[in-house]
There are 2 protein chains.
Amino acid sequence: MILVHYPVVSKNGDIIASAVTNLDLHDIARAGRTYGICSLYIVTPVRDQLELVDKIVSHWVSGAGAVYNPQRKEALSIIRVSESFEAALSDIAAEDNGYPKTIVTSARKRANSLKMDVLRDTIRMGGSYALVLGTAWGLTEDFLNRADYLLEPICGPTDYNHLSVRSAAAIILDRLLGN
Amino acid sequence: MILVHYPVVSKNGDIIASAVTNLDLHDIARAGRTYGICSLYIVTPVRDQLELVDKIVSHWVSGAGAVYNPQRKEALSIIRVSESFEAALSDIAAEDNGYPKTIVTSARKRANSLKMDVLRDTIRMGGSYALVLGTAWGLTEDFLNRADYLLEPICGPTDYNHLSVRSAAAIILDRLLGN
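A. Representation of the sheet that holds strand β6 (residues 101-105) of chain A in the model. Residue and element names in this part refer to chain A. Read from one edge of the open sheet, 6 strands run β5-β4-β1-β7-β6-β8, paired in parallel fashion. Because the sheet does not close on itself, it has two edges, and the strands there are β5 (79-82) and β8 (149-151). The average undirected angle you get between the axes of adjacent strands in this sheet is 25°. When strand β1 (residues 2-4) meets strand β4 (residues 40-43), the two strands line up parallel, connected through 3 bridges.

Okay, structure coming up:
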């Protein structure tokens, strides 16, 4: 999984680098670990933010947090940091001996989006996949257009579709990789 | 839905009142609104904590937050506060003309727990239900035993089952009420 803080869209439609949120790391790492994800990349070009992620992860993986809560250590151990999306993909490619297929997500309906159950079946046939989530108001249009797969948005029985990235990550993992 | 901060279990097994977490309110209200939940009760006997919830909700429902982000207003409008679980049930009973059936959740496997798809079918037949989530290390044994339905834990394809309450809420709503 790749959690992108740049390039993402702001409330006003500008392209921005969003701030890292502590609970994104915990919640998405815990859900990722539950559903058997290999790694969770936190992407931001902001030096201070990368250091913040390192500090949080170190606390739980090798610091006092690791003793306090070993289950949290196990989850946060899957976190990696990367200064760009391309660098994250290169890291995955080096580990998997080839670039992963990229799956992007968006809360907006699009004509060419893939149904969850179709993607679920595709993943089950094997291979390497990177599920990409945008923070703030989501991934940019340009970013979405360059991916291998564009996943359909999560819809409930209402017309409201403003889930947090943490909730969306959990539901998508359950739909794609749940038993 | 009812999010319980007392009585819940601490890391050491003691019965405690846990602290309210701002992002629990946002994430669970947004997921609840997405899946058509009527109300989200925040239960804590701690006066200061009830006031904190009121302050957060007011900011987004009738304060500056309501103008800044109307979608957030729509989600947080479903939040109610209650000083006890019993008081929350009474409020729901007054609104629904009868007490709801209570559904409790736990991360631990139990012999008498109900499968998600069985409960999904039951809910579809109609009636009033309260889905109860525990914070900290979960609802107490005594609390779990008194409910009408005990839901099976969420399991992914691994043996790790330490989801955040926010992720668990999202997945349970999707499984019980998703299209």
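B. Structural view of the packing of helix α6 (residues 116-124) of chain B against helix α8 (residues 165-177) of chain B. All names here are of chain B. Look at α6 against α8: their axes get within 8 Å of each other, and the N-to-C directions meet at 60°. Regarding the angle of α6 to α8, the classification is oblique. Residues Met116, Leu119, Arg120 and Ile123 of α6 lie in contact with α8, whose contacting residues are Ile172, Asp174, Arg175, Leu176 and Leu177. Residues that form the contact of α6 with α8 fall into these classes: 6 nonpolar, no polar and 3 charged.

C. Fine view of the relation of the copies chain A and chain B. In screw terms, the move from chain A to chain B is a rotation of 180° and a rise of 0.0 Å along the axis, fitting with an RMSD of 0.0 Å. The transformation relating the two chain copies, once decomposed into turn and shift, fits a two-fold axis. A shared binding surface is used by both copies, with 100% of the interface residues of chain A retained as interface residues in chain B.

D. Summary view of the packing of aromatic side chains. All names here are of chain A. According to the stated counting rule, one finds 4 aromatic pairs over all chains in the structure shown. For the ring pair Tyr129 and Tyr149, a centre distance of 6.3 Å and an interplane angle of 40° mean the geometry is tilted. Taken together, the residues span a long stretch of sequence, with Tyr129 in strand β7 (residues 129-134) and Tyr149 in strand β8 at a distance of 20 residues. The class of Tyr129 is partly exposed, set by a relative accessible area of 24%.

E. Region of interest: the nonpolar core. Counting residues in each nonpolar core, the largest one holds 74 residues, and the members touching the most others are Met1, Leu40 and Ile79 of chain A together with Met1, Leu40 and Ile79 of chain B. Once residues within four sequence positions are removed from consideration, Leu40 of chain B is found in contact with Met1, Leu3, Leu25, Ile28, Ala29, Ile78, Ile79 and Arg80 of chain B.

F. Local environment of unusual backbone geometry. Residue and element names in this part refer to chain A. A cis geometry characterises the amide bond from Tyr6 onward to Pro7, with omega recorded as 0°. Inspection of the secondary structure puts Pro7 in the loop between β1 and β2 (8-9). Of note, the phi angle at Ala136 is positive, near 50°, even though the residue is not glycine. When you line up the elements, Ala136 lands in the loop between β7 and α7 (141-145).

G. Structural context of the packing of helix α1 (residues 22-34) of chain B against helix α2 (residues 47-61) of chain B. Residues and elements named next belong to chain B. Put simply, α1 and α2 touch, their axes get as near as 10 Å, and they point 50° apart. Taken together, α1 and α2 sit at an angle that is classed as oblique. Like other packed secondary-structure pairs, α1 and α2 cross with a definite hand, here right-handed. For the pair α1 and α2, contact is made by Asn22, Leu25 and His26 and by Val53, Ile56 and Trp60, respectively. Of the residues in the contact of α1 with α2, the class split is 4 nonpolar, 2 polar and no charged.

H. Main features of helix α2 (residues 47-61) of chain A. Residue and element names in this part refer to chain A. Over its 15 residues, α2 extends 21 Å from the first C-alpha to the last, a length consistent with the 21 Å expected when each residue adds 1.5 Å. Of the residues making up α2, those classed as buried are Gln49, Leu50, Val53, Ile56, Val57 and Trp60. Each buried residue of α2 lies within a common arc of 125° when the element is viewed along its axis, so the set occupies one face. Along α2, exposed side chains directed more than 90 degrees from the buried face belong to Arg47, Asp48 and Lys55. Considering only its buried residues, α2 is in contact with α1 (22-34), β4, α3 (64-68), α4 (70-76) and β5.

I. Structural context of the sheet that holds strand β8 (residues 149-151) of chain B. Residues and elements named next belong to chain B. Judged by pairing direction, the sheet is parallel, and its 6 strands sit side by side in the order β5-β4-β1-β7-β6-β8 without closing on themselves. Every interior strand has two partners, whereas the edge strands, β5 (79-82) and β8, have only one. The average undirected angle you get between the axes of adjacent strands in this sheet is 25°. Of the pairings in the sheet, the one linking strand β6 (residues 101-105) to strand β7 (residues 129-134) comprises 4 bridges and is parallel in character. Across the sheet, residue Ile103 finds its bridge partner in β7, namely Leu131. In this fold α1 packs onto β1 (2-4), β4 (40-43) and β5, with an angle of close to 160° to the strand it touches most, β4. Where α2 meets the sheet, its contacts fall on β4 and β5, and the angle it forms with β5 comes to roughly 165°.

Reading the values: rules and limits
Residues numbered from 1 in each chain as written. Chains lettered and ligands numbered in written order. Predicted model: local features only at pLDDT ≥ 70, side-chain atom pairs only at ≥ 80, totals over all residues. Heavy atoms only, no water. Pairing = 2+ DSSP bridges. Helix = DSSP H or I, 4+ residues; strand = E, 2+ residues; numbered from the N terminus. Axes fitted to C-alpha atoms, helices over the stretch in contact; angles between N-to-C directions. Parallel < 35°, antiparallel > 145°, perpendicular 65-115°, else oblique. Contact = heavy atoms within 4.5 Å. Nonpolar A, V, L, I, M, F, W, Y, C, P; charged D, E, K, R; others polar. Least-squares fit on C-alpha atoms with pLDDT ≥ 70 in both. Phe/Tyr/Trp six-rings, centres within 6.5 Å; stacked < 30°, edge-to-face > 60°. Buried < 20%, exposed > 50% of the residue type's maximum accessible area, 1.4 Å probe, protein only. Core = buried A, V, L, I, M, F, W, Y, C linked by side-chain atoms within 4.5 Å. Left-handed = near helix turned anticlockwise from the far one by under 90°. Expected span 1.5 Å × (residues − 1). Arc of directions from axis to C-beta.

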